[in-house]
Amino acid sequence: MHPLCTKPKYSSSNCQKMKGYLNHGNKCTKKAQGGCKICKRLWTLLRFHAQQCKKTSCLVPQCTAIRERIKQLQKQQQAMDDRRRQEMNRHYRGGGGTEPRNK
């Protein structure tokens, strides 16, 4: 039974597929980095879930860890954007370090 199942004999085809993906993910030796398509699909599904999830203690495997990683990457991207913006502002305000050429 996957973490979200509350009924042991749940018959949804999506539920059965998710159970299969989670079982595969636990047993696969190749993993997503090794090129396993099923593992890549599983991590994509987990990432999509984590991007939407607002629960503080979610039962979906790796949800909290994936959300933390997403937040970390967003902070890094914001810092890079801020540095780029500062550099562009400095350049446009005349502090870009370019010296006038003598003719």
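Before going into details, it helps to say that this report is about the structure given with it. Quick caveat: nothing in here was measured; it's all calculated off a predicted structure. (Residues numbered from 1 in each chain as written. Predicted model: local features only at pLDDT ≥ 70, side-chain atom pairs only at ≥ 80, totals over all residues. Heavy atoms only, no water.)

## Observations regarding the nonpolar core
Turning to step 1, where the next piece is worked out: One finds Met18, Tyr21, Leu22, Leu42, Leu46, Ala50, Cys53, Cys58, Val60, Cys63, Ile66 and Ile70 forming the largest nonpolar core, which totals 12 residues.
Turning to step 2, where the next piece is worked out: Counting residues per element, the ones that place at least two in this core are helix H1 (13–27), helix H2 (37–52) and helix H3 (63–95).
Turning to step 3, where the next piece is worked out: Contact partners of Ala50, with chain neighbours within four places excluded, come to Cys63, Ile66 and Arg67. (Core = buried A, V, L, I, M, F, W, Y, C linked by side-chain atoms within 4.5 Å. Buried < 20%, exposed > 50% of the residue type's maximum accessible area, 1.4 Å probe, protein only. Helix = DSSP H or I, 4+ residues; strand = E, 2+ residues; numbered from the N terminus. Contact = heavy atoms within 4.5 Å.)

## Examining unusual backbone geometry
As a rule of thumb, non-glycine residues mostly have phi less than zero, and peptide bonds are mostly trans rather than cis.
Turning to step 1, where the next piece is worked out: Even without a glycine there, the phi angle at Lys31 is positive, about 65°.
Turning to step 2, where the next piece is worked out: For Lys31, a relative accessible area of 32% puts it in the partly exposed group.
Turning to step 3, where the next piece is worked out: Notably, Gln62 is not glycine yet its phi reads approximately 65°, a positive angle.
Turning to step 4, where the next piece is worked out: Mapped onto the secondary structure, Gln62 falls in the loop between H2 and H3.
Turning to step 5, where the next piece is worked out: You can call Gln62 partly exposed: its relative accessible area is 44%.

## Describing H1
Turning to step 1, where the next piece is worked out: Between its first and last C-alpha, H1 extends 21 Å over 15 residues, near the 21 Å set by a 1.5 Å rise per residue.
Turning to step 2, where the next piece is worked out: Restricting attention to buried positions, one finds in H1 the residues Cys15, Met18, Lys19, Tyr21, Leu22 and Gly25. Projected down its long axis, H1 carries its buried residues within an arc of 160°, all on one side. Projecting away from the buried face of H1 at angles above 90 degrees are the exposed residues Lys17 and Lys27.
Turning to step 3, where the next piece is worked out: Buried positions along H1 lie against H2. (Expected span 1.5 Å × (residues − 1). Arc of directions from axis to C-beta.)

## Details of the packing of H1 against H2
Turning to step 1, where the next piece is worked out: Between H1 and H2, whose axes approach to 9 Å, the crossing angle comes to 115°. Between H1 and H2 the crossing geometry is left-handed. Within the contact between the two elements, H1 uses Met18, Tyr21, Leu22, His24 and Gly25 and H2 uses Ile38, Cys39, Arg41, Leu42, Leu45 and Leu46.
Turning to step 2, where the next piece is worked out: For the contact of H1 with H2, the residue count by class is 8 nonpolar, 2 polar and 1 charged. (Axes fitted to C-alpha atoms, helices over the stretch in contact; angles between N-to-C directions. Left-handed = near helix turned anticlockwise from the far one by under 90°. Nonpolar A, V, L, I, M, F, W, Y, C, P; charged D, E, K, R; others polar.)

## Notes on the pattern of salt bridges
Think of it this way: side chains of opposite charge can pair up when their charged atoms draw near.
Turning to step 1, where the next piece is worked out: For the coordinates displayed, the defined rule picks out 4 salt bridges.
Turning to step 2, where the next piece is worked out: Between Arg85 and Asp82 there is a salt bridge, and its shortest N-O distance comes to 2.8 Å. Remark: Asp82 and Arg85 occur in helix H3; sequence separation between them is 3 residues, near one turn of the helix.
Turning to step 3, where the next piece is worked out: Arg85 gets classed as partly exposed once you look at its relative accessible area, which sits at 45%.
Turning to step 4, where the next piece is worked out: Between Glu87 and Arg90 there is a salt bridge, with the nearest N and O atoms lying 2.4 Å from each other. Of this pair, Glu87 and Arg90 both sit in helix H3, separated by 3 residues, roughly a single helical turn.
Turning to step 5, where the next piece is worked out: Residue classification places Glu87 among the partly exposed residues on the basis of a relative accessible area of 36%. (Salt bridge = Lys/Arg side-chain N within 4 Å of Asp/Glu carboxyl O.)

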